[in-house]
Amino acid sequence: MLFFRSEEHIERWCKTWRLDQGAVIPLPQGWELARAWYTEDRREPSWRRRTLEETEAVFAQLGFTSEFWSLR
Amino acid sequence: MNDDLTRWHVYDVTMREGTPPLKVRLAERLGVSEEDTLASLQRLAAARMLVLQPDAGEILMAGPFSAVPTPFRVTLGAFSCYGNCIWDALGIAATLQADAEIDTSCADCGVATRIGVHSGAVVGDGFLHFALPPRLWWQDIVFT
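Nothing here was measured: the structure is a model prediction, and the numbers come from that model.

The rules behind each value
- Along every chain, residues carry numbers that run from 1 in the direction the sequence is written.
- All chains are assigned letters beginning at A, and all ligands numbers beginning at 1, according to the order in which they are written.
- At least 70 in pLDDT is required for a residue's local features to be given in this predicted model, at least 80 for side-chain atom pairs to be given and counted, and no such filter applies to totals for whole chains, interfaces and linings, which use all residues.
- Water and hydrogen atoms play no part in the side-chain values, which are based on all heavy atoms of the structure.
- In what follows, a contact means two residues having at least one pair of non-hydrogen atoms within 4.5 Å.
- Accessible area, probed at 1.4 Å, shrinks when two parts are joined; the buried area is that loss added up over both.
- Here a salt bridge means any side-chain nitrogen of Lys or Arg lying within 4 Å of a carboxyl oxygen belonging to Asp or Glu.
- Polar contact is the term for a pair of N or O atoms within 3.5 Å; when the atoms are in protein, one must be able to donate a hydrogen and the other to accept it, and sequence-neighboring residues count only if both atoms are side-chain atoms.
- Counting from the N terminus, the helices are the DSSP runs of H or I reaching at least four residues and the strands are the DSSP runs of E reaching at least two.

> Report on the interface of chain A and chain B, specifying residues and quantitative values.
Tallying the contact residues gives 42 residues for chain A and 51 residues for chain B. Taken together, both faces of the contact between chain A and chain B bury some 4500 Å²; the carbon and sulfur share is 65%. Among the residues of chain A in contact with chain B, A:Met1, A:Phe3 and A:Arg43 are the three that bury the most area, contributing 23% of the side total. At the boundary of chain A with chain B, the tally comes to two salt bridges. When the shortest N-O distance is used, the salt bridge between B:Asp108 and A:Arg12 registers 2.5 Å. Linking chain A with chain B are 21 residue pairs in polar contact (both at pLDDT 80 or more).

> Which residues make up the environment of A:Met1, and what values do they have?
Position of A:Met1 relative to the elements: it lies in the segment before strand S1 (2-4). For the pair A:Met1 and A:Ala23, spaced 22 residues apart in sequence, the C-alpha to C-alpha distance is 9.8 Å. Among all residues touching A:Met1, those that are not within four sequence positions of it are B:Phe72, B:Cys85, B:Ile86, B:Trp87, B:His129, B:Phe130, B:Trp137 and B:Thr144.

See the structure below:
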């Protein structure tokens, strides 16, 4: 996941590299996604990867509900 | 061998020092051989809990931390380190619950950008681009 100064920069980068544009997330929302995903218990012995359902719940909570974010 | 214990040691070092440990140090902490340590790391990698470098099998990623330099440098009070991507760089501040400065650049025009995380809030402007949908991330996690 890369950082861009603006949506126009993303469009130009995708055009340069002939890639379809994916999901564009403003920095504040990216921070909320990071907070929801990377919790402080990562070092705990009990930590485990999220299930598919738990991951879907994280995405839904943040409003990531388009087909792009579908895990199925 | 307890792979959960291996993972704990990896993250204990990484979250204290900013860089995942080499196999030799991990083996010392676990009190086992490097071969057994590598086997444990390979099982963790197969379970997508870590990403290993090819050849010698040292850790490449202990998400959100990178073991190698990347364009996403994170400076905290205790150390500087690298995120695997911009999301991971933010994730370092999140998982450590610490203030941080993230130095990166626009992937298109190259202009240097500093993003701050102060008292739980992000400071800065810009966008994250997820080129691949989540269901494809692990097809090539390094590309992702």
